[in-house]
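Spelled out, the chains give:
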Amino acid sequence: MEIKPVEKHPRSIAKSISYRILSLSADSAVAYFFTRDVALSAGIVILVNTYSTFLYYFHERMWAHIHWGHKN
């Protein structure tokens, strides 16, 4: 018997993007607070959020295949 994941790829992508927007805002404020340099803060935030977006997406897809905690 094959068990299909609850979420489809487009939903995981949409969740990743919306989370990244929220995270970008918070990370920008924190980076600027510590550096007081707009260019350096932007570089840090872009780098961290780029790789974090991909990590989050793959993490979500992995959890889509874990059935622990799902009601059948």
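Before any of the text, the structure's been laid out above.
As a starting point, this report considers the structure included with it. On a predicted model such as this, the values are computed, not experimentally measured, just so you know.

### Comments concerning the overall build of the protein chain
Alright, step 1. The secondary structure content of the protein chain amounts to two helices and zero strands.
Alright, step 2. Here the C-alpha atoms of the protein chain give a radius of gyration of 16 Å, more than 25% beyond the 11 Å that 2.2 N^0.38 yields for 72 residues.
Alright, step 3. When its C-alpha atoms are laid out on the principal axes, the protein chain stretches across 55 × 15 × 15 Å.
Alright, step 4. A fraction of 69% describes how many contacts in the protein chain between residues 6 or more apart in sequence connect residues 24 or more apart.
Alright, step 5. Here the protein chain displays about 5900 Å² of accessible surface, and carbon together with sulfur accounts for 70% of that area.

### Quick look at the side chain of Glu 60
Alright, step 1. In this structure, Glu 60 sits in helix α2 (residues 38-64).
Alright, step 2. Looking at Glu 60, the relative accessible area reads 15%, which means it is buried.
Alright, step 3. Reaching out from Glu 60, the side chain makes a polar contact with the side chain of Lys 15 at a distance of 3.1 Å.
Alright, step 4. In contact with Glu 60, not counting residues within four places along its chain, are Glu 7, Ser 12 and Lys 15.

### Structural notes on a nonpolar patch on the surface
Alright, step 1. Taken together, the side chains of Met 62, Trp 63, Ile 66 and Trp 68 define a hydrophobic patch exposed on the protein surface, amounting to about 470 Å² of accessible area.
Alright, step 2. By the secondary structure assignment, Ile 66 is in the segment after α2.
Alright, step 3. Ile 66 gets classed as partly exposed once you look at its relative accessible area, which sits at 31%.

### Brief notes about the packing of helix α1 (residues 9-35) against α2
Alright, step 1. The geometry of α1 relative to α2 is characterised by a closest axis approach of 8 Å and an angle of 150° between their N-to-C directions. As judged from the angle between their axes, α1 and α2 are roughly antiparallel. In this structure, α1 crosses over α2, and the sense of that crossing is right-handed.
Alright, step 2. Residues belonging to the contact of α1 with α2 are distributed by class as follows: ten nonpolar, ten polar and five charged.

Definitions and cut-offs
- Residues numbered from 1 in each chain as written.
- Predicted model: local features only at pLDDT ≥ 70, side-chain atom pairs only at ≥ 80, totals over all residues.
- Heavy atoms only, no water.
- Helix = DSSP H or I, 4+ residues; strand = E, 2+ residues; numbered from the N terminus.
- Rg over C-alpha atoms; globule rule 2.2 N^0.38 Å.
- Contact = heavy atoms within 4.5 Å.
- Areas by Shrake-Rupley, 256 points an atom, 1.4 Å probe, with all protein chains shown as cover.
- Buried < 20%, exposed > 50% of the residue type's maximum accessible area, 1.4 Å probe, protein only.
- Polar contact = N/O pair within 3.5 Å; in protein donor to acceptor, adjacent residues only side chain to side chain.
- Patch = residues over 30% accessible without salt bridge, like charges linked within 9 Å, V, L, I, M, F, W, Y side chains within 5 Å.
- Salt bridge = Lys/Arg side-chain N within 4 Å of Asp/Glu carboxyl O.
- Axes fitted to C-alpha atoms, helices over the stretch in contact; angles between N-to-C directions.
- Parallel < 35°, antiparallel > 145°, perpendicular 65-115°, else oblique.
- Left-handed = near helix turned anticlockwise from the far one by under 90°.
- Nonpolar A, V, L, I, M, F, W, Y, C, P; charged D, E, K, R; others polar.

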